[in-house]
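A look at the structure
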Amino acid sequence: MRQTWRWFGPKDLVSVDDMRQAGVEGVVSALHHIPTGALWTPDEIARRQRQIGVMRDGSASGLNWEVVESLPVSEDIKKQKGDWRAHLETWKESMRNLRAAGIEVICYNFMPVLDWTRTDLAWRRPSGATCMRFDLPDFAAFDIHILERPGAAEEFPEWVVAEAALRLAGMDEDRKAALARNVVFGLPGAAEQFTLEDVRRHLAEYAGMSAGTLRRHLIDFLSEVAPLAEEIGVRLCCHPDDPPFPLLGLPRVMSTEADYAEVMQAVDLKANGITLCTGSLGARPDNDLPGMMERMGERVHFLHLRNVTLEGDDLRNSFFEDGHLDGGTDMVAMIAAVLAEERRREAEGRTDISIPMRPDHGQDILDDLGRKGQPGYPAIGRLKGLAELRGIMTALDHPLVRGA
């Protein structure tokens, strides 16, 4: 398993020096400043590579940009409307430019409108740490009473609707505004402070679209880009829905193992692969993460290792981002399945033996609490998670354990 770290560029409060001190082997990054649908030029790609390659004192970092996360898929492509064909050709040209720069792994997602959804970006735990949280009644209060989406109340269980009304009654205007900000934080361009009317407009553009239609659009997209990726030596890996169940009336098509199996079979190329995120998929109690790795591991090109604790047994639950070795996913079993897949690849003679992984998210602890960094991406919280994951990897790959 190749240990990587997500970096948001020069404005990231976690520096290249910090990554180097964490002992990671490679960097996951993207050109976040380039608008969705625009070309990633060789010059811009090279500029990010140079930024990763140097430390504050000008010395070489020894780190390289190894995984793209994400090369965004435009809403026009997802809807097959507007400039979607032009965006598709631009996406392919960006992929060519990335491969020419030596980058072989590209993560993307096909979630409509929302990249991810949380109701609290700094929920306090008993230890004093903070983490991201999705609270189903709070989300329902936003959807039904703040956003006032038509028909929203019909999409939640009766107890959630009743609890949402109680929650709303206890909120002052500041709390309502904070909840709305947290939910729309996962919107593309949310740093521009989307209004509720902006959200309603985005949702209206998907009105009436079924999951079947969105899945067909994903397969159409992959039918265009995956053959090119196979030809030039790029591994594409689709990130799951986060959370992995419908929200705001929007369709979801990458939430379960069955979803992935259908899309992998429809475009049956090695280049058409999976970002196996144990946090996103782990937010559904019916997803078996170690089993998914065992059954679909040959198409897993990238790993996000994090853990969540669910607060119920339904397919839609409240949950929070727990410690990497806590929560519902058995991380020892998960990493054992990854190492078994890597040994299988080695026996096959594959060149992509070592699967890149990164410690995804993390709780804000110690100095993270005053740093005000990117939500979900604290320096020390992720380093703690990486150390824990590294310990499991080292133990399971030890000859005494492998030979047992």
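Relevant structure appears above.
Residues numbered from 1 in each chain as written. Predicted model: local features only at pLDDT ≥ 70, side-chain atom pairs only at ≥ 80, totals over all residues. Heavy atoms only, no water.

Structural notes on the pattern of salt bridges
Applying the stated criterion to the full structure yields 43 salt bridges. When the shortest N-O distance is used, the salt bridge between Arg 47 and Glu 44 registers 3.1 Å. Here the residue Arg 47 and the residue Glu 44 both occupy positions in helix α2 (residues 42-52), the gap between them amounting to 3 residues, near one helical turn. In this structure, Asp 143 and Arg 149 form a salt bridge, with 2.8 Å as the shortest nitrogen-oxygen distance. (Salt bridge = Lys/Arg side-chain N within 4 Å of Asp/Glu carboxyl O. Helix = DSSP H or I, 4+ residues; strand = E, 2+ residues; numbered from the N terminus.)

Structural notes on unusual backbone geometry
Note that the residue after Glu 69, namely Ser 70, is joined by a cis bond; omega there is 0°. Assignment of secondary structure puts Ser 70 in the loop between β3 (65-69) and α3 (75-79). The linkage connecting Asp 242 with the following residue, Pro 243, adopts the cis geometry, with an omega of 0°. On the secondary structure map, Pro 243 appears in the loop between β7 (235-239) and α10 (257-266). Phi at Lys 372 is positive, roughly 60°, even though this residue is not glycine. Inspection of the secondary structure puts Lys 372 in the loop between α14 (368-371) and α15 (379-396).

What about empty space enclosed by the protein?
All chains considered together, the criterion is met by 3 cavities of 30 Å³ or more. Roughly 80 Å³ of internal volume is contained in the largest cavity. Around the largest cavity sit 14 residues that line it, and Thr 36, Gly 37, Ala 38, Pro 72 and Trp 91 are the ones nearest its centre. Ranked by the residues each element gives to the lining of the largest cavity, the list is headed by helix α4 (residues 84-100), at 4 residues. Taken as a whole, the second largest cavity spans an internal volume of roughly 60 Å³. (1 Å grid on protein atoms, 1.4 Å probe; cavity = no way out; pocket = protein on both sides within 12 Å on 5 of 7 lines; lining within 4 Å. Points joined across faces, edges and corners; volume = space filled by probe spheres on them.)

A look at the pairing of strand β11 (residues 319-322)
Pairing of strand β6 (residues 130-134) with β11 involves 2 bridges; the strand directions are antiparallel. Note on β11: the bridge partner recorded for Arg 133 is Phe 320. Where strand β10 (residues 307-310) and β11 come together, 4 bridges link them in antiparallel fashion. Bridge pairing in β11 links Asn 307 to Asp 322. (Pairing = 2+ DSSP bridges.)

Observations regarding the pairing of β7
Of all 5 residues in β7, 5 are buried; the element is thus mostly enclosed. Pairing analysis gives 3 bridges linking β7 to strand β8 (residues 272-277), with the strands arranged parallel. The residue of β8 that forms the bridge with Leu 236 is Asn 272. In the classification by handedness, the crossover that spans β7, the intervening α10 and the parallel β8 is right-handed. (Buried < 20%, exposed > 50% of the residue type's maximum accessible area, 1.4 Å probe, protein only. Right-handed = clockwise from strand over helix to strand, strands pointing away.)

Notes on helix α13 (residues 331-348)
Note that an α-helix has 3.6 residues per turn; residues three or four places apart therefore point the same way. The terminal C-alpha atoms of α13 lie 26 Å apart, and with 18 residues this matches the ideal 26 Å at 1.5 Å per residue to within 8%. Of the positions making up α13, those classed as buried are Met 331, Met 334, Ile 335, Ala 337, Val 338, Leu 339, Glu 341, Glu 342 and Arg 345. Those residues of α13 that are buried lie in contact with β8, α11 (278-281), α12 (289-296), β9 (300-305), β10 and α15. Capping the start of α13 is the job of one residue whose side-chain oxygen sits 3.2 Å from the backbone nitrogen of Val 332: Asp 330. One or two positions beyond α13, positive phi appears at Gly 349, with a value near 85°. (Expected span 1.5 Å × (residues − 1). Contact = heavy atoms within 4.5 Å. Polar contact = N/O pair within 3.5 Å; in protein donor to acceptor, adjacent residues only side chain to side chain.)

Let's talk about the nonpolar core
If you look at the biggest cluster of nonpolar residues, it comprises 105 residues, and the most contacted ones within it are Trp 40, Trp 91, Phe 221, Leu 276 and Leu 303. Broken down by element, this core gets its largest block of residues, 9 residues, from helix α9 (residues 211-232). Setting aside residues no more than four positions away along its own chain, Trp 40 makes contact with Ala 30, Leu 31, Ile 34, Ile 45, Trp 65, Val 68, Ser 70, Leu 71, Pro 72, Ser 94, Asn 97 and Leu 98. One finds Val 67, Cys 107, Cys 237 and Phe 302 within the second-largest nonpolar core, a separate group that totals 6 residues. (Core = buried A, V, L, I, M, F, W, Y, C linked by side-chain atoms within 4.5 Å.)

Thoughts on the packing of α10 against α12
Two elements in contact, α10 and α12, have axes whose closest approach is 11 Å; the angle formed by their N-to-C orientations is 15°. As summarised for this structure, α10 and α12 are arranged roughly parallel, according to the angle between their axes. Between α10 and α12 lies a crossing of right-handed hand. Of the residues in α12, those in contact with Glu 257, Tyr 260, Ala 261 and Met 264 of α10 are Met 292, Arg 295 and Met 296. Of the residues assigned to the contact of α10 with α12, the class counts are 5 nonpolar, no polar and 2 charged. (Axes fitted to C-alpha atoms, helices over the stretch in contact; angles between N-to-C directions. Parallel < 35°, antiparallel > 145°, perpendicular 65-115°, else oblique. Left-handed = near helix turned anticlockwise from the far one by under 90°. Nonpolar A, V, L, I, M, F, W, Y, C, P; charged D, E, K, R; others polar.)

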